[in-house]
Amino acid sequence: MVTAYLAAGSGPELPNLPWEPRPAGCDDVVWRSARNPIITRDAVPGANSIFNSAVVPFEGQFAGVFRCDTTARDMQLHAGRSEDGFRWQIAPQRIRFRCDDDEIGTFVYGYDPRVCWLEDRYYITWCNGYHGPTIGVGYTYDFVTFYQMENATLPYNRNGVLFPRRVRGKYAMLSRPSDTGHTPFGDIFYSESPDMVHWGHHRHVMSPCGGWQATKVGAGPTPIETSEGWLVIYHGVLTSCNGFVYSFGAALTDLDQPWKVIHRTRAYLLNPREPYECVGDVPNVTFPCAALVDPPSGRMAIYYGGADTVTCLAFAQFDELMEFVIHES
Ligand code: BMA
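Here is what the cut-offs are and how they apply
- Residues numbered from 1 in each chain as written.
- Predicted model: local features only at pLDDT ≥ 70, side-chain atom pairs only at ≥ 80, totals over all residues.
- Heavy atoms only, no water.
- Helix = DSSP H or I, 4+ residues; strand = E, 2+ residues; numbered from the N terminus.
- Polar contact = N/O pair within 3.5 Å; in protein donor to acceptor, adjacent residues only side chain to side chain.
- Contact = heavy atoms within 4.5 Å.
- Phe/Tyr/Trp six-rings, centres within 6.5 Å; stacked < 30°, edge-to-face > 60°.
- Lys NZ or Arg CZ within 6 Å of the ring centre and 35° of its normal.
- Near = heavy atom within 4 Å.
- Areas by Shrake-Rupley, 256 points an atom, 1.4 Å probe, with all protein chains shown as cover.
- Patch = residues over 30% accessible without salt bridge, like charges linked within 9 Å, V, L, I, M, F, W, Y side chains within 5 Å.
- Salt bridge = Lys/Arg side-chain N within 4 Å of Asp/Glu carboxyl O.
- Lys, Arg positive; Asp, Glu negative; His and termini not counted.
- Charge placed at Lys NZ, Arg CZ, Asp CG, Glu CD.
- Pairing = 2+ DSSP bridges.
- Axes fitted to C-alpha atoms, helices over the stretch in contact; angles between N-to-C directions.
- Core = buried A, V, L, I, M, F, W, Y, C linked by side-chain atoms within 4.5 Å.
- Buried < 20%, exposed > 50% of the residue type's maximum accessible area, 1.4 Å probe, protein only.

(A) Structural detail: the side chain of Asn159. With respect to the helices and strands, the residue Asn159 is situated in strand 10 (residues 157-162). Reaching out from Asn159, the side chain makes a polar contact with the side chain of Arg114 at a distance of 2.9 Å. Aside from chain neighbours lying at most four places away, what touches Asn159 is Arg114, Leu174, Ser175, Arg176, Gly218, Ala219, His235 and Phe287.

See below:
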């Protein structure tokens, strides 16, 4: 048994973390909420689908940024709040980021948000339309007013995920360079920035490597700092005769050089099997965007999108997940 521990900065105690014990007879490392899907299109008037969304602890409760595609199929970001992490109130109007520069701030589309508490504010990264998909960066203090900064990268890039503290004195981000369409390739890269505007020191992190992660990989939730390295939960894509299948697994990377992978799961942690993961606008997709952990109990709650249609919750125990990543890699 690995005795891994969470780093001091890995987050506050979350006694009200959404939680359900592992069901009897289940021996999976990650198990689903019996209440899935926890968010459907009904949460926002005029929504086609609410999925691939990110949440964080906020003022003793929870807040988040949600991908809401409309019935016109516009891809938008909405703010939301929850007392218990299960039942969400999502704003009916999309987030309108304040931005000094119209060239950057003119909204084209936004999807697949991640939210990261970093130093003094909540940063949001998302796939932002700017002559193709690129990585938008913004922040909020209160989930009411949102500010937009420079895009982190040139198009085309997706799955920009910030680290929750500076690494080697710099802000750090994972991303997945891509193309204009439903990219049939994709490696995860690491970049650093002194100011959250200028990004460099680009390093390769990982490539697809067969099985459930044979076609492309992309970072999911904000990495979690542990004694054994950064715990990076990521999605992997397999190309079947019927299209893409999105599963997720996890890796551990070096704390000081996060582009160096130490362990990586050979088997997935969760893949599409329930009807709400296999049937929807895009069948066979489980797409994680947030993971919360309560340090004293080791309980983890993972938020993921199902079939590009609904938002779901899964649970894990930190020690068991670490054991799996280290020994099943
Ligand atoms: C990716 C993104 C995700 C989506 C996935 C499966 O390229 O668009 O938002 O969940 O495809 O359709």
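(B) Up close: the packing of aromatic side chains. Using the criterion set out here, one finds 23 aromatic pairs in the structure. Among the aromatic side chains, those forming a connected cluster through ring pairs are Phe58, Phe97, Trp117, Tyr122, Trp126, Phe143 and Phe146. In this structure, Arg121 packs its charged tip against the face of Tyr139, placed 4.5 Å from the ring centre. The aromatic ring of Trp259 is capped on one face by Arg203, whose charged end is 5.8 Å from the ring centroid.

(C) The site of the ligand, seen in detail. The ligand sits among Asn52, Arg67, Tyr111, Asp112, Tyr246, Val282, Val285, Phe287 and Asp308. At a separation of 2.8 Å, an oxygen atom of the ligand approaches a polar side-chain atom of Arg67. In the environment of the ligand, an oxygen atom lies 2.6 Å from a nitrogen or oxygen atom belonging to the side chain of Asp308. When the ligand sits alone it has 300 Å² of accessible area, and the protein chains cover 88% of it.

(D) Quick look at the environment of Ala267. Residue position: Ala267 is located in the loop between strand 18 (261-264) and helix 2 (275-278). Along the backbone, Ala267 and Val161 are 106 residues apart, and their C-alpha atoms lie at a distance of 23 Å. Among residues more than four places away in sequence, those in contact with Ala267 are Trp212, Phe324 and Glu328.

(E) Representation of a negative patch on the surface. A cluster of acidic side chains, namely Asp100, Asp101, Asp102, Glu103 and Glu150, defines a negative patch on the protein surface. Relative to the assigned elements, Asp100 resides in the loop between strand 5 (89-90) and helix 1 (102-105).

(F) Geometry of the sheet that holds strand 10. Ordered in space as 10-11-12-13, the four strands form an open sheet in which the pairing is antiparallel. At either margin of the open sheet sits one strand with a lone partner, and together these are strand 10 and strand 13 (200-206). On average, each strand axis in the sheet is tilted by 25° relative to the strand beside it, whichever way the strands run. Pairing of strand 12 (residues 188-193) with strand 13 involves four bridges; the strand directions are antiparallel. Within the sheet, the bridge partner assigned to Glu192 lies in strand 13 and is Gly200.

(G) Broad picture of the nonpolar core. Counting 42 residues, the largest nonpolar core has Trp88 and Phe143 as its most contacted members. At six residues, strand 2 (residues 47-58) tops the list of elements feeding residues into this core. Aside from chain neighbours lying at most four places away, what touches Phe143 is Val56, Phe58, Ala63, Gly64, Val65, Ala79, Val115 and Tyr122.

(H) Seen up close, the environment of Ala301. With respect to the element layout, Ala301 can be found in strand 20 (residues 299-306). Exposure remark for Ala301: the relative accessible area of 0% places this residue in the buried category. In this structure Ala301 touches Leu17, Pro18, Ala290, Ala291, Leu292, Leu313, Ala314 and Phe315, once residues within four positions along its chain are discounted.

(I) Here's a closer look at the pattern of salt bridges. By the definition in use, this model includes 11 salt bridges. Asp120 serves as the salt-bridge partner of Arg121, at 2.9 Å between the closest nitrogen and oxygen. Across the salt bridge formed by Glu192 and Arg168, the nearest N and O atoms sit 2.7 Å from each other. One end of the pair, Glu192, is in strand 12; the other, Arg168, is in the loop between strand 10 and strand 11 (171-177), and 24 residues separate them in sequence. Each of Arg67, Asp69 and Asp112 takes part in one network of salt bridges that share partners.

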